[in-house]
Structures are given as C-alpha cells and as structure tokens.
Amino acid sequence: DAGITQSPRHKVTETGTPVTLRCHQTENHRYMYWYRQDPGHGLRLIHYSYGVKDTDKGEVSDGYSVSRSKTEDFLLTLESATSSQTSVYFCAISPGTSKETQYFGPGTRLLVL
Amino acid sequence: DAKTTQPPSMDCAEGRAANLPCNHSTISGNEYVYWYRQIHSQGPQYIIHGLKNNETNEMASLIITEDRKSSTLILPHATLRDTAVYYCIVLNNNAGNMLTFGGGTRLMVKP
C-alpha cells in the first residue's frame, strides 16, 4: 500500500468549530487530493494540490480551505464546521506522470453535531 | 469525459472468474479506461488502466473491445476479499481532468 496516513481517523465536533484534517505521505508524490464521500453522491473532489503552495479548487470546495507547506503534508480545514460537512473524507496522492492513477488513504470519519 | 454505464450489482462464486462489464460508447481516441474498486469502509484502490490494448497486472486483466466502446475487467480467481464496488472511469489523462466516481458495480463474491 502507498504510504498515506490520515489523522484523525474519527472526529466528532460541534457546529461552528474549526476542524483541520491532515494527510501525510511518504511517497514524495507531487499531487495530493481531498475528496468527500456521501451516500448517493459517490466521491467528490474538494481541493487538490499540484505542488508545495500550489492548490486549486475541486467540485465541492465551498466551506473548505487547504494548505500544503511541505511535499508530504496536505491539510484540509473547515473554518466553521456545519452539519452538511458530516462525511467521510479521503486523501489521495498521485505521481506527476499520471494524475489519474491515485492512491487513497484510509479515510477520516467526521461527524458535525 | 465519456460517460460510462455499469450494471449496479453482480454476484460471483468464490474461485471463479469475475467479469465486470463497462460501456463507454462515446469514448474518444485520447481517453483512457481506468478501473478502481472500493472495499467497504476503505479508500478506493487503483486496479488497472488501458488505452486500446489489453492489459494485465497482478490484480486483474482489462479487455478493451476493438472499437473501444466497451471493456471488461476480469478478476481471474475471485476471493471473498474481492467483494467491493468497482468503478469504471474514462478520461483523458493529459487534459488535467480529475477522477469522477459514478455508481459503479457492487460485486458480491459468494462462497
């Protein structure tokens, strides 16, 4: 398995609080992604990064921000969590040669009460 | 990106080959076929991809028809651990497009 870890793996928080999820890789891959997965919607891309300090929005970026200060870490922040952001969040990585061959982390289950 | 059509569910007996079909009749010449799977509660897992030639790796084989309008993912000897949702995705990997996961096929491998 690709060296990807996500932390925390589970989190319960309250509406209005900030939340940061961390994705860490040991593969030195250029691209990193954040997805969310909800019943009936499949996986949807939130943000992605194509290098240190280089990020772009995905399909469902509203309410989320990201940062990548080091190759190995990609942070997803919910500035003020809402119940609609209750979801399973997956991080993925891919080498620069093929963005579509992605390797996914184990996921973070977030519950916003 | 071309749209794909997959059956929503399939069953397969343990030890037999699982053949998962995918229709992509609007595929264009520079679009690849990718297969991923997602085992319950885990992140998606890359399986294989191809352009027009058949491909094989340690996990599966990918058979693409000559007109490229359909493909089949073959798991040669399915095990219970292959029970998962399998996604067929078609896109141009040089156009900066992102993966889009649709409904997929839920494969149930039975003893």
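Structure's up top.
Report follows, based on the coordinates. Keep in mind that this is a model prediction, so the values were computed, not measured.

### A short note on the interface of chain A and chain B
Interface size, as often reported, equals the accessible area lost upon joining of the parts.
Turning to step 1, where the next piece is worked out: Each side of the interface is counted separately: chain A has 18 residues, and chain B has 18 residues.
Turning to step 2, where the next piece is worked out: Summed over both sides, the interface between chain A and chain B buries roughly 1,400 Å², with carbon and sulfur atoms accounting for 56% of that surface.
Turning to step 3, where the next piece is worked out: At the surface where chain A touches chain B, the tally comes to two residue pairs in polar contact (both at pLDDT 80 or more).
Turning to step 4, where the next piece is worked out: When contributions to the side of chain A that touches chain B are tallied by element, the ones reaching two or more residues are strand 4 (31-38), strand 5 (42-51) and strand 10 (103-104) of chain A.
Turning to step 5, where the next piece is worked out: No other element matches the four residues that strand 5 of chain A contributes to the side of chain A that touches chain B.
Turning to step 6, where the next piece is worked out: Here the side of chain A that touches chain B is composed, by residue class, of nine nonpolar, six polar and three charged.

### Quick word on a nonpolar patch on the surface
Residues and elements named next belong to chain A.
Turning to step 1, where the next piece is worked out: On the surface, V12, L111 and L113 cluster together to form a nonpolar patch covering roughly 290 Å² of accessible area.
Turning to step 2, where the next piece is worked out: Note that V12 resides in strand 2 (residues 10-13).
Turning to step 3, where the next piece is worked out: Residue V12 is classed as exposed on the basis of its relative accessible area of 55%.

### Here's the deal with the side chain of S61 of chain A
Residue and element names in this part refer to chain A.
Turning to step 1, where the next piece is worked out: Its location among the elements puts S61 in the loop between strand 6 (54-57) and strand 7 (64-70).
Turning to step 2, where the next piece is worked out: Since its relative accessible area comes to 10%, S61 is described here as buried.
Turning to step 3, where the next piece is worked out: Ignoring anything within four residues of it in the chain, the contact list for S61 reads I46 and H47.

### What to know about the pairing of strand 2 (residues 18-23) of chain B
All names here are of chain B.
Turning to step 1, where the next piece is worked out: Because side chains alternate across strand 2, one face comprises the buried residues A18, L20 and C22, and the other comprises N19, P21 and N23, none of which is buried.
Turning to step 2, where the next piece is worked out: Of the pairings in the sheet, the one linking strand 2 to strand 7 (residues 70-75) comprises six bridges and is antiparallel in character. Paired with N23 across the bridge in strand 7 is S70.

### Re the side chain of T101 of chain A
Turning to step 1, where the next piece is worked out: Tracing the chain through its elements places T101 of chain A in the loop between strand 9 (87-94) and strand 10.
Turning to step 2, where the next piece is worked out: If we skip the residues at most four places from it in the chain, T101 of chain A touches I93, S94 and P95 of chain A together with Y34, Y36, Y46 and H49 of chain B.

### Here we look at the state of the cysteines
Residues and elements named next belong to chain A.
Turning to step 1, where the next piece is worked out: This structure, assessed with the given rule, holds two disulfides over all chains.
Turning to step 2, where the next piece is worked out: Across the disulfide from C23 sits C91; the S-S distance is 1.8 Å. With the S-S dihedral at roughly -70 degrees, the linkage between C23 and C91 falls on the left-handed side. With C23 in strand 3 (residues 19-25) and C91 in strand 9, the pair connects residues that are 68 residues apart, well separated along the chain.

### What to know about the sheet that holds strand 3 of chain A
Residue and element names in this part refer to chain A.
Turning to step 1, where the next piece is worked out: Taken in spatial order, the four strands make up an open sheet running 1-3-8-7, and their pairing is antiparallel. Every interior strand has two partners, whereas the edge strands, strand 1 (4-7) and strand 7, have only one. Pairwise comparison of adjacent strand axes, ignoring direction, gives a mean angle of 20 degrees for this sheet.
Turning to step 2, where the next piece is worked out: Of the pairings in the sheet, the one linking strand 7 to strand 8 (residues 73-78) comprises five bridges and is antiparallel in character. Within strand 8, the residue paired with S65 across the bridge is T77.

### Re the sheet that holds strand 8 (residues 84-91) of chain B
All names here are of chain B.
Turning to step 1, where the next piece is worked out: Overall, mixed pairing links the five strands, which are arranged 1-9-8-3-4 in an open sheet. Every other strand in the sheet has two partners, leaving strand 1 (9-13) and strand 4 (45-50) as the edge strands with one partner each. Averaged over all adjacent pairs, the angle separating strand axes in this sheet is 25 degrees, with direction ignored.
Turning to step 2, where the next piece is worked out: Bridge count for strand 1 against strand 9 (residues 105-110) is five bridges, and the pairing is parallel. In the strand pairing of strand 9, M10 is matched with L107.

### Observations regarding the pattern of salt bridges
It is possible for side chains of opposite charge to pair when their charged atoms get near one another.
Turning to step 1, where the next piece is worked out: Within the structure shown, the criterion is met by six salt bridges over all chains.
Turning to step 2, where the next piece is worked out: Residue R36 of chain A pairs with D38 of chain A through a salt bridge whose shortest N-O separation is 2.8 Å. Both residues of the pair, R36 of chain A and D38 of chain A, belong to the buried class.
Turning to step 3, where the next piece is worked out: Salt-bridge contacts for K110 of chain B lead to D11 of chain B; the nearest nitrogen and oxygen are separated by 3.1 Å. On the criterion of sequence distance, the pair formed by K110 of chain B in strand 9 and D11 of chain B in strand 1 is long-range, its members being 99 residues apart.
Turning to step 4, where the next piece is worked out: Each of R22, K70 and D73 of chain A takes part in one network of salt bridges that share partners.

What counts, and where the lines are drawn
Along each chain, the written sequence defines residue order, and numbers are assigned to residues from 1. Lettering for chains starts from A, numbering for ligands starts from 1, and both go in the order in which the items are written. This being a predicted model, a pLDDT of at least 70 is required before a residue's local features are given, and a value of 80 or more before pairs of side-chain atoms are given or counted; all residues contribute to the totals for chains, interfaces and linings. To obtain the side-chain values, all non-hydrogen atoms of the structure were included, while hydrogens and water were left out. By definition, residues are in contact when any of their heavy atoms lie within 4.5 Å. Accessible area that two parts lose when put together, with a 1.4 Å probe and added across both, is what the buried area reports. Counting of polar contacts relies on pairs of N or O atoms within 3.5 Å, with two restrictions inside protein: one atom must be capable of donating a hydrogen and the other of accepting it, and residues adjacent in sequence are counted only when both atoms are side-chain atoms. The secondary structure listing takes helices from DSSP runs of H or I that are at least 4 residues long and strands from runs of E that are at least 2 residues long, numbered from the N terminus. Side-chain classes follow a simple rule in which Ala, Val, Leu, Ile, Met, Phe, Trp, Tyr, Cys and Pro form the nonpolar group, Asp, Glu, Lys and Arg form the charged group, and the remainder, Gly included, forms the polar group. The patch calculation keeps residues exceeding 30% relative accessible area without a salt bridge and links them within 9 Å when they carry like charges or within 5 Å when they are nonpolar (Val, Leu, Ile, Met, Phe, Trp, Tyr). Surface accessibility in these figures is a Shrake-Rupley result with a 1.4 Å probe; residues are shielded only by whichever protein chains are displayed. Basic side-chain nitrogens of Lys or Arg form a salt bridge, by our definition, when they fall within 4 Å of a carboxyl oxygen of Asp or Glu. A simple rule labels every residue: compare its accessible area, found with a 1.4 Å probe on the protein chains alone, to the largest value its type can have, and call it buried under 20%, exposed over 50%, or partly exposed in between. Between any two strands, at least two bridges found by DSSP are needed for them to pair. The definition used for a disulfide is geometric: two cysteine sulfur atoms within 2.5 Å. To obtain each axis, a line is fitted to C-alpha atoms, and for helices this fit is confined to the stretch in contact; angles are then taken between N-to-C directions over 0 to 180 degrees.

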